[in-house]
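# Structural features, examined
Here are the chains, one letter per residue:
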Amino acid sequence: MEYIFGASGLTENETLKTKGAEYTDLTGWQEVVQSFPDSTRTDRFRVVRKVGQDTDAEGNHYTWYEIDHHNTMIDKSAPIAERVGAIETAIERGLSL
């Protein structure tokens, strides 16, 4: 499932578009955690209302929502901890990086 956050072009309301094999039916408070090679992104938000749904020619299902109270936290500590671990190992072994 893909989660795409943005803003409505007609209003200042924040929006969420989901894309996947099925429609979504989100309500209330939500938390979405997405992992990337260099970070983990956590989005917390409240669904105000579902705006619409559609399916494209490839069979992808889209659902649009109006959301508010959106907060994003990006954690980049895992790659840093991995690098620190490699440095510590190299120091212990007396190797240069």
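Below: a short report on this structure. This is a predicted model, so every value here is computed, not measured.

### Regarding the overall build of the protein
Looking only at helices and strands, the protein features one helix and five strands. For the protein, the succession of helices and strands along the chain, N to C, is β-β-β-β-β-α. In summary, the protein has a C-alpha radius of gyration of 19 Å against a globular reference of 13 Å for 97 residues, an excess of more than 25%. Along the longest, intermediate and shortest principal axes, the C-alpha atoms of the protein span 60 × 30 × 25 Å. Residues counted as buried form 22% of the 97 residues belonging to the protein. In the protein, of all internal contacts separated by at least 6 residues, the share reaching a separation of at least 24 is 46%. Element-wise, carbon and sulfur atoms account for 50% of the exposed surface of the protein, whose accessible area totals about 6900 Å².

### Focus: the sheet that holds strand S5 (residues 61–75)
Within the open sheet, the five strands sit side by side as S1-S2-S5-S4-S3. Their pairing is antiparallel. Where the open sheet ends on each side, the last strands, each with one partner, are strand S1 (2–7) and strand S3 (28–36). Direction aside, neighbouring strands of the sheet carry axes that sit 40° apart on average. As judged from the seven bridges shared by strand S2 (residues 14–20) and S5, these two strands associate in the antiparallel manner. If you follow Glu-14 over to S5, its bridge partner there is Ile-67.

### What about the pairing of strand S4 (residues 39–55)?
In this sheet, S4 lies alongside S3 in antiparallel orientation, the contact comprising nine bridges. The partner of Glu-31 across the bridge, within S4, is Arg-44. Counted along the chain from S3 to the antiparallel partner S4, the turn is two residues long. Bridge count between S4 and S5: 13 bridges; the pairing is antiparallel.

Procedures and definitions
- Residues numbered from 1 in each chain as written.
- Predicted model: local features only at pLDDT ≥ 70, side-chain atom pairs only at ≥ 80, totals over all residues.
- Heavy atoms only, no water.
- Helix = DSSP H or I, 4+ residues; strand = E, 2+ residues; numbered from the N terminus.
- Rg over C-alpha atoms; globule rule 2.2 N^0.38 Å.
- Buried < 20%, exposed > 50% of the residue type's maximum accessible area, 1.4 Å probe, protein only.
- Contact = heavy atoms within 4.5 Å.
- Areas by Shrake-Rupley, 256 points an atom, 1.4 Å probe, with all protein chains shown as cover.
- Pairing = 2+ DSSP bridges.
- Axes fitted to C-alpha atoms, helices over the stretch in contact; angles between N-to-C directions.

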